[in-house]
Amino acid sequence: MSKVDLNKKEKKNALLQTAFELFTDKGFAKTTISDISSKAGLAKGTFYLYFKDKYDLRDILIAHKTGQLFAEAHHALLQQSIEGFENQLFFVVDFIIEKLAANPKLLQFISKNLSWGIFRVAFEQQVADESEESREFYSYYRELVQESSITDLEAELLLFTILELVGSTCYSCILYEQPLPIEEYMPYLHRSIHHILLSYFNKNEYSQTKGSEYRSLFLLIKETNFDNSSKSSRSL
């Protein structure tokens, strides 16, 4: 990386880190672009060389912080001798949860602002443009997926489902210890992830044993709702 590129990266990282500090201390609404630029020691015009506006910065910051978590978890995983995708996934999940439990501000910021659309678009852009660490994790995940029989769409849905599950349960269990403290909840989380993986990687067997049951349940609920609606209409 040239000195010019290194300087650009340092300025962008300074803006991202400063924004995170201000967003978590003052709140997103009360933080201005001038606040961010000034505290980062940069001219306001420099801000627009890297971000369209405050909302663009927030979205990229979410992906940046999330990408860092995954990259750290991936590097820690490489230091271990853990075999099997499920066990490796449990390690990554546990590592990230420990990091979030130790940093409640980061947990609150990510949980309040992270959406799948923001994560996918911003994270993929980060992976493609500049972050070697994030690219390593992304490549690792894609390699694991390619070894299985699931499609690209299913791989995306799998990651989305696990992210949503871990994010929502972490928030309540870590910050409020509800319905359980995070340490006590972890076995239940692992069990849930195990069954999610089964539904994707053993989809043929799973669909034969469970798919018909779920379809029957769905139809029953649909018929019940229709009957209730019909009764309500007649009563009017």
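Residues numbered from 1 in each chain as written. Predicted model: local features only at pLDDT ≥ 70, side-chain atom pairs only at ≥ 80, totals over all residues. Heavy atoms only, no water.

Novice: Describe the overall build of the protein chain, listing the residues and the values that go with them.
Specialist: Per the secondary structure count, the protein chain includes 11 helices and zero strands. Listed by position from the N terminus, the elements making up the protein chain come as α-α-α-α-α-α-α-α-α-α-α. Long-range pairs, those at least 24 residues apart, make up 65% of the contacts in the protein chain with a sequence separation of at least 6. Working note: accessible area of the protein chain is about 14200 Å², and carbon and sulfur atoms make up 53% of it. (Helix = DSSP H or I, 4+ residues; strand = E, 2+ residues; numbered from the N terminus. Contact = heavy atoms within 4.5 Å. Areas by Shrake-Rupley, 256 points an atom, 1.4 Å probe, with all protein chains shown as cover.)

Novice: Tell me what's going on with unusual backbone geometry, and back it up with residues and numbers.
Specialist: Here the bond from Gln178 into Pro179 is cis, since omega is 0°, no more than 30 degrees from zero. Along the polypeptide, Pro179 turns up in the loop between α9 (152-175) and α10 (182-201). Even without glycine at this site, Glu177 takes up a positive phi of about 55°. Mapped onto the secondary structure, Glu177 falls in the loop between α9 and α10. By relative accessible area, which is 47% here, Glu177 ends up partly exposed. (Buried < 20%, exposed > 50% of the residue type's maximum accessible area, 1.4 Å probe, protein only.)

Novice: Which residues make up the packing of helix α4 (residues 54-78) against helix α5 (residues 85-102), and what are the values?
Specialist: Put simply, α4 and α5 touch, their axes get as near as 9 Å, and they point 125° apart. On the basis of the axis angle, α4 is oblique to α5. For the pair α4 and α5, the sense of crossing is right-handed. Contacts from Leu69, Phe70, Glu72, Ala73, Ala76 and Leu77 in α4 reach Gln88, Phe91, Val92, Phe95, Ile96, Lys99 and Leu100 in α5. The class makeup of the residues in the contact of α4 with α5 is 10 nonpolar, one polar and two charged. (Axes fitted to C-alpha atoms, helices over the stretch in contact; angles between N-to-C directions. Parallel < 35°, antiparallel > 145°, perpendicular 65-115°, else oblique. Left-handed = near helix turned anticlockwise from the far one by under 90°. Nonpolar A, V, L, I, M, F, W, Y, C, P; charged D, E, K, R; others polar.)

So far we have only geometry, and geometry alone does not tell us how the molecule works.
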